[in-house]
Every structure is written in structure tokens, then in C-alpha cells.
Amino acid sequence: MRKASITYIDTHHTAKLANLTLTDAEHEEMQNQLDDVIGYIKKLNTVETSDIEPTAQVTGLKNVTREDTAMDACLTQDEALSGTDKKHNGLFVVDKLVDTQ
Amino acid sequence: MDTSKLTITDIINGYKENKFSVSDIVSSYLDRIEKLNSTLNAYITIDKENALKKAKELDGQEVKGSLHGVPFGIKDMFLTKGVKTTAASNVLRDYIPEYSATAVTRIEEAGGISLGKLNHDAWAHGSSGENSDFGNTLNPWNKDYVPGGSSSGSGTAVAAGLGAFATGTDTGGSIRLPASFTNTVGLKPTYGLVSRYGVIAMASSLDTIGHFTRTVQDSAKILSVTAGPDGMDSTLRQSSEKVNYESLIGKDIKGLKIGVPMEYVAEGLSNDVKETFEKSLEVLEGLGAKIVEVSLPHTEEGIAVYYVLMSSEVSSNLARYDGIRYGSDRSHFGKEAKRRIMLGTYTLSSGYYDAYYKKAMQVRTLLKEDFDKAFEKVDVLVSPVSPTQPWKFGEKISDPLAMYLSDALTVTVNLAGIPGLSVPAGFSANNLPIGIQFMGPHFSEELLFQVGHAFESETKHYERTLNL
């Protein structure tokens, strides 16, 4: 494959943000492939956009709301827990996020 | 019974005339799956028991729903209550949902009978089907060639008679591309027409829910079932009016203005695609349509805009897969998902957001305005679906950028949010299918079906026999 000439992405920092663990080989491959893609994406810089509003959605809907009442479509506790073995007293078991220090 | 020749209309008429029972039909499809799926690998999960049970329940009953007893396949991105749903990824290899997607529920309420869950590129990431963690789906027209992606199993299943129709998702071409590679009809509806409730999210500002059929009329029939708000997807157009999408089918296209975007056909097309497309324009002219050249000046930037926005939204949507509530942990993601998560995390990260995500959203505005201007001059647009006919397995898999560029003619429709209908248009010199797509303004599906049906009635490519 093509070898990208400029380095854009710090794959170690980005993998940490993305919560992905990559092997050394994956880092190397990803570096080449993503720099290649980012180099291509850079072509957007040639388009003048200073007065252009960004488009996040295309059908023009605004503030779609509903009555603040309970809906039928709600999983029971057992249904919500059915996808995992890691549960305790009807709750999901998660890794500790905050140190006690 | 040769199921590869049956349309939904044939099946419904057969029931009405007592030619066969629902069990006869469902068994015929299941037999064909049994015979061919080990080679073609279209289905990940075959739901034989349920299908036969439901068929038996409908036997002898009066035909009520518009899809009464019609067997179909479901792309494995759609949740199905009690039936394994994998997203074709090892992350969800054993996941069994507690509820079904709205599109599936509506099809089943109209009488459709699911035969099982169809293979695709994992998380719908890909243009060839080769990114599935459950192996490649083969193209039934030539097993050395890709069936197109991401809805690879859906295209192959409908082409090979392993289902009368199949559901699909289209974020950048994932329905239209495999439809054009398998000689089937693929509809990508307007953004906000069909509910995405219960369908695994890929890129939320682009995702649409559509389907594969053998004919345009069948496609319209299904959209009449799946379209409209369900109270569960707030991006849907809020109209309670029930539309009959078959209403313009059979109407001629005399005097209709059909635009050809110059930028789509100027360069980069293979000779076979170019020739097929030019012949298709002659057919449309012969039917009385007026062919007009139009310009969509920002086409060149389409892929760059798409890969920034799509990857950014993918990185956000796939952040939820942490192995806590369901599925396995993040080490189980395949290569392509990791690539897109990394790219999207980068383009959204501090210091880069304005340069990439915001910039891409601004160019998206210009792309959309291109289409708005074109539709002031013409009723619909037509172009090839893919710059080339199907390619061989392995050809592009180690070069992601080359793979991404094969979506150049499809992603713009998703960015503008307009509908696109892929219709069979012919075959290459080596007998591989080539499709064209009709594109219209937002919510103009009835018009696309009218044009597509007129073209199909004249060319009848769907009648071509597939030797398997």
C-alpha cells in the first residue's frame, strides 16, 4: 500500500481517548493507513467556507418533544440484565472508576 | 419451485389463487437456503423453526396483510426479539435482544415471515462484505467476486432466491452498492422516513433503513409498510398520513426531466459501467424522458466530508460497546471498526474539531445546496451506483482509501439526506451486474418508483437467469 508522507495522528493518544488497546503492529499499520486517509481528507481545506452554516441534519426538524409521561416500551429489570453474567443484586457490575485516595 | 424467480406479487397472487400454501413457499425458500447457504454464506442465523411455525399458522387463512406469508431475510443490524443479533461482529457474537426493531415488527405485522439474519460488513462498515467477522458472503453471479457492502448478505439472498426480499441499512451506499452488484433493486429512503428504532446505530446523521427486492413494485410495497413515525425515533417526519408508495407505478415518464450529474460521469468510470449507463440513458429517452446535463460542483469533496462525519459519529455510537451491559469488551472489535473509531476520535478530539468535523459539516451544506439547485432544473437525477463493476475478493482489502473511494457516487445522497433507488441496468462483459441509481428531492420516493418501474418494465434485467 501507499506509505503516507506526513504524520498527522498520534495513535497512542487517540487509542487512549477511544478506550482501545492496540498491539504494536496495529499501531504501525493504523499510523500508515490513517495518515493516508487524513491526508486525503485535508482536501476540504481548499473549499472556502467562512460564511457557510454547518449542516448537522437535513430535514429541518426542530425541538421534537413528547408528553413527559411513562411509555409502555420499557424493559423490565430482568430483561435489561439479560445480556450479561456480570450482575449483583439486580444491578450491573462495573469496574471501579474513582480511587479512594 | 425456483424461488429465485418469485416476486412478492407472484407469491401473494399464488396464495389468492390457491396455487400453493404458505408452508409450501416457506419450505421452498428454506430448502434453497439449506442447499446454497453453506457456499454463499448469506445467512448468519437461519430461523427455520419459527418460520415453519408461522407459515403453518397462516396456512388456509385469507390473505390480509400486504406481505402475507412472504419470506424475507433481516440484515443482522436489526434487533430481533429472542433471535441472536450480531452486527456481524465478535463483540455481539452471542447477543440476544429483548425487543425488535420497528421495521421488523411492521413487516411481521403485515404478514412477513423471517427466515433469519443476514451477513454484512461488521457494524455496516465496508463496501465489499469482507469486513464481516462471520466470513465473506459470495456474489451468486460469480463466486470469486464481492457482492458489495455493507449489506452483502441482503443482496446475495434476494438475487439467489434465499428470501423474497431483505432489509438493509444505508449510511453511505450500503444498500445501493450491493443491489447494483447483485442485479437486485435497492431502496435508500429519505432520511427521516423509516424508523431506526431497534437498528444498531452507525452514523446517526446519515443512517437510513431500506430494503432489497427483485422488482421496483415490490420495493414500493415494502416501503408502504415500513414508512412513517412510530413515536420512538424523533428524527422522523411527523406525518400520520399513510402513503401508498405504489400509486405512481405504471404511469409513463413522458416529458419528465432527468438530470445527469456531469461530475459523476466525467471520469473514473470503467468502460463497462460507462457503456451500460449510456445505454440506460437511451432507454429513458426512448420512454419519453428528457435527459439534461446538470452540475453538482462539490461532488469531488463528497468522500472527504463523508469519512469525517461518518467516522466521528461511529466513534461516538460505538463508545457504548464496553462489555458491561451486553456483548464482549472492546478488544473484540475488528480492524475496520478500530480504524473508524480511531479516525473519528481523532477528528473530534480537542484542537481538531473545527478543522475536521465543523469544516466537513460546512462543506456538507454546500453539497446539499448543489442538489437543491439541481432539483430546480430537473425532476430526478440518474447516475451509475458504482464507478466499477464488482471486484475480486482481496483486491482492495489492504488499502482502506481505495475501498473508501468506491463509495464516491453513493455517499452524496446520504449527505444531502435525499432518497436513492438502485435498479439493475445490465451486465459487464464478464457477466457481472451493473446498476444505476435514481435520486430525487426529499420524500420523492413515489416519483423514484415511477421512473424505476418504467425503466425496469422496458429492460427486464430481473428476469435474467442465475445459474447456481
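Refer to the structure presented above.
This structure is a prediction, so every number in the text was calculated from the model and none was measured.

S.K.: Mind showing me how you'd approach the overall build of chain B here?
M.R.: Assigned secondary structure in chain B consists of 15 helices and 11 strands. Whereas a compact globule of 468 residues would reach a radius of gyration of roughly 23 Å, chain B reaches 21 Å, a difference of no more than 12%. Viewed in the frame of its principal axes, chain B has a C-alpha envelope of about 60 × 60 × 45 Å. Within chain B, residue pairs in contact and separated by at least 24 positions form 77% of the contacts whose partners lie at least 6 positions apart. Carbon and sulfur atoms form 46% of the exposed surface of chain B, whose accessible area is close to 15,400 Å². Here chain B carries 47 positive and 56 negative side-chain charges, and the mean point of each set is 2 Å from the other.

S.K.: I would appreciate a short explanation of the sheet that holds strand E2 (residues 71–75) of chain B in the present structure.
M.R.: Sheet strands pair by backbone hydrogen bonding; their relative direction is either parallel or antiparallel. Residues and elements named next belong to chain B. Taken in spatial order, the 11 strands of this open sheet run E1-E3-E2-E4-E6-E5-E10-E11-E9-E7-E8, and their pairing is mixed. The open sheet has two edge strands with one neighbour each: strand E1 (43–46) and strand E8 (290–294). Strand-to-strand twist in this sheet, taken as the mean axis angle between neighbours without regard to direction, amounts to 30°. As paired strands, strand E5 (residues 185–188) and strand E6 (residues 208–213) are joined by 3 bridges and run antiparallel to one another.

S.K.: Where do I start with the packing of helix H10 (residues 302–317) of chain B against helix H12 (residues 354–377) of chain B in this structure?
M.R.: Each pair of packed helices can be described by the angle between their axes along with the distance between the axes. All names here are of chain B. Between H10 and H12, whose axes approach to 9 Å, the crossing angle comes to 130°. Of the possible angle classes, the one that applies to H10 and H12 is oblique. Like other packed secondary-structure pairs, H10 and H12 cross with a definite hand, here left-handed. In contact with Gly302, Val305, Val308, Leu309, Ser312 and Glu313 of H10, H12 contributes Tyr356, Tyr357, Ala360, Met361, Val363, Arg364 and Leu367. In terms of residue class, the contact of H10 with H12 is built from 9 nonpolar, 2 polar and 2 charged.

S.K.: Before we go on, may I ask you to explain the interface of chain A and chain B in this structure?
M.R.: By convention, interface size is frequently given as the accessible area that disappears when the constituent parts associate. With 49 residues of chain A at the contact, the number on the chain B side is 58 residues. A buried area of about 4,700 Å², summed over both sides, lies between chain A and chain B, and 68% of it is on carbon and sulfur atoms. Contact with chain B buries area across many residues of chain A, yet A:Tyr40, A:Leu44 and A:Val58 alone supply 14% of it, more than any other trio. Summed over the shared surface of chain A and chain B, the number is 3 salt bridges. B:Lys335 is the salt-bridge partner of A:Glu29, the closest N and O atoms lying 3.3 Å from each other. One can count 17 residue pairs in polar contact (both at pLDDT 80 or more) joining chain A with chain B. Mapped onto the side of chain A that touches chain B, the elements with two or more residues apiece are helix H1 (11–17) and helix H2 (24–41) of chain A. Considering every element that reaches the side of chain A that touches chain B, the biggest residue donor is H2(A), with 10 residues.

S.K.: Looking at this structure, I do not really get the environment of B:Ser315. What am I missing?
M.R.: All names here are of chain B. Within the element layout of this structure, serine 315 appears in helix H10. For serine 315, a relative accessible area of 10% gives the class buried. Along the chain, serine 315 and leucine 343 lie 28 residues apart, while their C-alpha atoms are 8.0 Å from each other. Aside from chain neighbours lying at most four places away, what touches serine 315 is Arg340, Ile341, Gly344, Thr345 and Leu348.

S.K.: I'm lost on the packing of helix H7 (residues 216–226) of chain B against helix H15 (residues 445–459) of chain B in this one. Help?
M.R.: All names here are of chain B. Closest axis-to-axis distance for the H7/H15 pair is 9 Å, and the angle between their directions is 160°. When the interaxial angle is binned, H7 and H15 end up roughly antiparallel. Taking contact as the criterion, the partners of Val216, Gln217, Ser219, Ala220 and Leu223 in H7 are, on H15, Glu445, Phe449, Gly452, His453 and Glu456.

S.K.: Help me out: how do you make sense of the packing of aromatic side chains in this one?
M.R.: Here the distance between the centres and the angle between the planes together describe a pair of aromatic rings. Residues and elements named next belong to chain B. Going through the model one piece at a time under the given rule, you end up with 18 aromatic pairs over all chains. With a centroid separation of 4.7 Å and an interplanar angle of 50°, the aromatic rings of tryptophan 123 and tyrosine 321 are classed as tilted. In this pair, tryptophan 123 sits in the loop between strand E3 (113–118) and helix H5 (152–159) while tyrosine 321 sits in the loop between H10 and helix H11 (335–348), placing the two residues 198 residues apart along the sequence. For the residue pair tryptophan 123 and tyrosine 321, the accessibility class agrees, reading buried in each case. Directly above the ring of phenylalanine 443 sits arginine 237, whose terminal nitrogen or CZ lies 3.9 Å from the centroid. Taking NZ or CZ as reference, lysine 396 lies 3.8 Å from the ring centre of tryptophan 391, over its face.

S.K.: How should H10(B) be read in this particular structure?
M.R.: Its 16 residues place the ends of H10(B) 22 Å apart at the C-alpha level, agreeing with the 22 Å of an ideal helix rising 1.5 Å per residue. Of all 16 residues making up H10(B), 15 are buried, and the element is well covered by its neighbours.

S.K.: Quick question: what am I supposed to make of unusual backbone geometry here?
M.R.: Trans is the prevailing form of peptide bonds, just as negative phi is the prevailing case for residues other than glycine. All names here are of chain B. Residues glycine 149 and serine 150 are joined by a peptide bond in cis, for which omega reads 10°. Within the secondary structure, serine 150 is located in the loop between E3 and H5. The phi dihedral of asparagine 431 is positive, around 65°, even though this residue is not glycine. Residue placement: asparagine 431 occurs in the loop between strand E10 (420–427) and strand E11 (433–439). In this structure asparagine 431 comes out as partly exposed when scored by relative accessible area, which is 32%. Not every positive phi belongs to a glycine, and lysine 460 is a case in point at roughly 50°. By the secondary structure assignment, lysine 460 is in the segment after H15.

The rules behind these values
- Residues numbered from 1 in each chain as written.
- Chains lettered and ligands numbered in written order.
- Predicted model: local features only at pLDDT ≥ 70, side-chain atom pairs only at ≥ 80, totals over all residues.
- Heavy atoms only, no water.
- Helix = DSSP H or I, 4+ residues; strand = E, 2+ residues; numbered from the N terminus.
- Rg over C-alpha atoms; globule rule 2.2 N^0.38 Å.
- Contact = heavy atoms within 4.5 Å.
- Areas by Shrake-Rupley, 256 points an atom, 1.4 Å probe, with all protein chains shown as cover.
- Lys, Arg positive; Asp, Glu negative; His and termini not counted.
- Charge placed at Lys NZ, Arg CZ, Asp CG, Glu CD.
- Pairing = 2+ DSSP bridges.
- Axes fitted to C-alpha atoms, helices over the stretch in contact; angles between N-to-C directions.
- Parallel < 35°, antiparallel > 145°, perpendicular 65-115°, else oblique.
- Left-handed = near helix turned anticlockwise from the far one by under 90°.
- Nonpolar A, V, L, I, M, F, W, Y, C, P; charged D, E, K, R; others polar.
- Buried area = accessible area lost by both parts, 1.4 Å probe.
- Salt bridge = Lys/Arg side-chain N within 4 Å of Asp/Glu carboxyl O.
- Polar contact = N/O pair within 3.5 Å; in protein donor to acceptor, adjacent residues only side chain to side chain.
- Buried < 20%, exposed > 50% of the residue type's maximum accessible area, 1.4 Å probe, protein only.
- Phe/Tyr/Trp six-rings, centres within 6.5 Å; stacked < 30°, edge-to-face > 60°.
- Lys NZ or Arg CZ within 6 Å of the ring centre and 35° of its normal.
- Expected span 1.5 Å × (residues − 1).

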